[in-house]
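# Analysis of the macromolecular model
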Amino acid sequence: MKNPINKPRRDFLKASALVTGGLIIQPFHLPGAYATGSDEIKLAVIGCGGRGTGAVFQAFETGHNIKLVAMADAFRDRIDKSYEPIFNKYGKEKVDVPEERKFVGFDAYKEAIKLADVVILAAPPGFRPDHFEESVKQGKQIFMEKPVAVDAIGIRRVLASAEEAKRKKLNVVVGLQRHYQSNYRETIKRIHDGGVGDIIGGQVYWNDGGVWVNARQPGQTEMEYQMRNWYYFNWLCGDHIVEQHVHNLDVANWVKNSYPVKAYGTGGRQVRTGKDHGEIFDHHSVTFTYSDGTVIFSECRHFPGATNRVDERFQGTKGNAYLSAGNHGILTDWKGKEIYNHNRENNPNPYQVEHDELFDAIVKGEFRFADAENAAKSTMTSILGRYATYSGREITWDEALNSNVDLMPERLAWDARPKVLPNEDGFYPYAVPGKTKVI
């Protein structure tokens, strides 16, 4: 599969316009809702952790006539922990999920999807290609979380499903929520209008202290342990450069109206080195090069106690740009004179805006959102970065995207063995730059 960045700029803009919603609006007929004379929209959530639960709340807060009718997760206790707060807040008026519609197991998603008009896909990222592919096959409107895969094989599947979703006029919104955040929309519009000239460099960061750990429990199979600690295993998470830093790399691609042609970097395990930290690195530093020679420097790390930083900076031929999730959006010329400063007050929550705009399109019968292609390519950008840091060598986009290294287990079952297993001392193998082959 060839590098998409060689498309003319106007083609990128045409494709990415659907991401921010509104350039291409086509009518569609929503199967299920309205078809029977009811204005009720049936919702299913696949993956009942914190993000899936939050997305259900946000769907309900759109104010439309939405009813949760099915829930699916590999673990029953995750469904129960999700169901309780949702039902306690919204009650039976919006929640109709009896026991027979609480689906548990690796294949549970298939049954839940059948019952819905709209699906929320929020299981660990390794499962996203399966869940997205099935949702498109069944003709559902879709909200899915980022990232959308963990390896190139998964990315290629998502790209194929994205094309089918567009053919079927299925709205797909992806949780790269900066595309729905006012300061990013307004500031990047001004960048694209030439506010700081041509972008010639940039730096993007996600540096923080890391995430949760779930201790190994007596009697757990290796499959269950890794599923409970999905963040630390690449077949489930993709490493934090993919799971978290995809946000910042997606912004770089958005600003550049392109995707990188190659990456070079380094990384490792400096402070997070325990048995309970699986196989992932705790830091990655990557330089991404775009077709016009622009270099974007990328840094992400999980160092507890160190200074946190999550933002993006870009340099243009006429000035600088600064963006952050804290509603910053600032453009200055090279002498520091302010060109634009986004008003940080009363900006809507982008997590809510994603759902507001998705369900507005659904209720109006409009095909307005096709986020999956860009989400796949920005996820691929993150995977490219991981390939570079794990191997210690420069990797091209085409090399990465054509990789046939499959991280997924050969079989999904509680007694199945994942491909990465601990040694006799309980430690997992991890990549060694300069020695590890990744593609």
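Residues numbered from 1 in each chain as written. Predicted model: local features only at pLDDT ≥ 70, side-chain atom pairs only at ≥ 80, totals over all residues. Heavy atoms only, no water.

By the naming in an unreviewed UniProt entry, the protein is Putative dehydrogenase, taken from Cecembia rubra.

## So, the pairing of strand β10 (residues 283–289)
Bridging between strand β9 (residues 262–268) and β10 involves 7 bridges; their strand directions are antiparallel. Along β10, the bridge assignment pairs glycine 267 with histidine 284. Bridge count for β10 against strand β11 (residues 295–302) is 7 bridges, and the pairing is antiparallel. Looking at β11, one finds that valine 286 is bridged to serine 298. Turn length for the β10-β11 hairpin, with the two strands adjacent in sequence and antiparallel, is 5 residues, and the turn residue glycine 293 shows positive phi of about 95 degrees. (Pairing = 2+ DSSP bridges. Helix = DSSP H or I, 4+ residues; strand = E, 2+ residues; numbered from the N terminus.)

## Points about the environment of threonine 62
If you trace the backbone, threonine 62 turns up in the loop between α2 (50–60) and β3 (66–73). The class for threonine 62 is buried, based on a relative accessible area of 16%. Sequence-wise, threonine 62 and proline 124 are 62 residues apart; in three dimensions their C-alpha atoms are separated by 25 Å. In this view, threonine 62 contacts Gln352, His355, Asp356 and Phe359; residues no more than four positions away in its chain are not counted. A polar atom in the side chain of threonine 62 sits 2.7 Å from the backbone oxygen of alanine 59. (Buried < 20%, exposed > 50% of the residue type's maximum accessible area, 1.4 Å probe, protein only. Contact = heavy atoms within 4.5 Å. Polar contact = N/O pair within 3.5 Å; in protein donor to acceptor, adjacent residues only side chain to side chain.)

## Regarding the pairing of strand β8 (residues 199–208)
The buried count for β8 comes to 8 of 10 residues, which makes it a mostly enclosed element. One ladder, built from 8 bridges, connects β8 with strand β12 (residues 309–316); its direction is antiparallel. Opposite isoleucine 199, over in β12, you have glycine 316 as the bridge partner. Bridge count for β8 against β11 is 8 bridges, and the pairing is parallel. If you follow glycine 202 over to β11, its bridge partner there is isoleucine 296.

## Considerations on helix α3 (residues 76–94)
Given a rise of 1.5 Å per residue, 19 residues ought to cover 27 Å, yet the end C-alpha atoms of α3 are separated by just 21 Å, more than 12% below that figure. Where α3 bends most, the angle comes to about 75 degrees, and this point is asparagine 88. Taken residue by residue, α3 has Ile79, Ser82, Tyr83, Ile86, Tyr90, Gly91 and Lys94 as its buried positions. For α3, the secondary structure elements touched by its buried residues are α2, β3 and β4 (102–104). (Expected span 1.5 Å × (residues − 1). Bend = angle between axes of the 7 residues up to and from the residue.)

## Structural notes on the sheet that holds β11
Ordered by their spatial adjacency, 9 strands build an open sheet running β15-β14-β13-β12-β8-β11-β10-β9-β17, and the pairing between neighbours is mixed. The strands lining the two open edges of the sheet, one partner per strand, are β15 (338–341) and β17 (395–396). Bridging between strand β13 (residues 319–324) and strand β14 (residues 329–333) involves 5 bridges; their strand directions are antiparallel. By the bridge assignment, tyrosine 322 is partnered in β14 with isoleucine 330. Set on the sheet, helix α7 (residues 182–192) makes contact with β8, β12, β13, β14 and β15; between it and β13 the angle comes to about 165 degrees. (Axes fitted to C-alpha atoms, helices over the stretch in contact; angles between N-to-C directions.)

## Observations concerning α2
Counting buried positions along α2 yields 8 of 11 residues, so the element is predominantly enclosed. The complete set of buried residues in α2 reads Gly52, Thr53, Gly54, Ala55, Val56, Gln58, Ala59 and Phe60. In this structure, the buried residues of α2 make contact with β2 (41–46), β3, α3, β5 (118–121), β6 (141–144) and α11 (350–363).

## A short note on the sheet that holds β6
Taken together, the 6 strands give an open sheet; going across it, the order is β4-β3-β2-β5-β6-β7, and neighbouring strands pair in parallel fashion. If you trace the sheet from one side to the other, it starts and ends with β4 and β7 (172–174), each paired once. Geometrically, the sheet is characterised by an average inter-axis angle of 15 degrees between neighbouring strands, direction not taken into account. Pairing between β6 and β7: 3 bridges, direction parallel. Each bridged residue has a counterpart across the sheet, and for methionine 144 the counterpart in β7 is valine 174. Across the sheet, α3 lies against β3 and β4, angled at about 170 degrees from β3, the strand it touches most.

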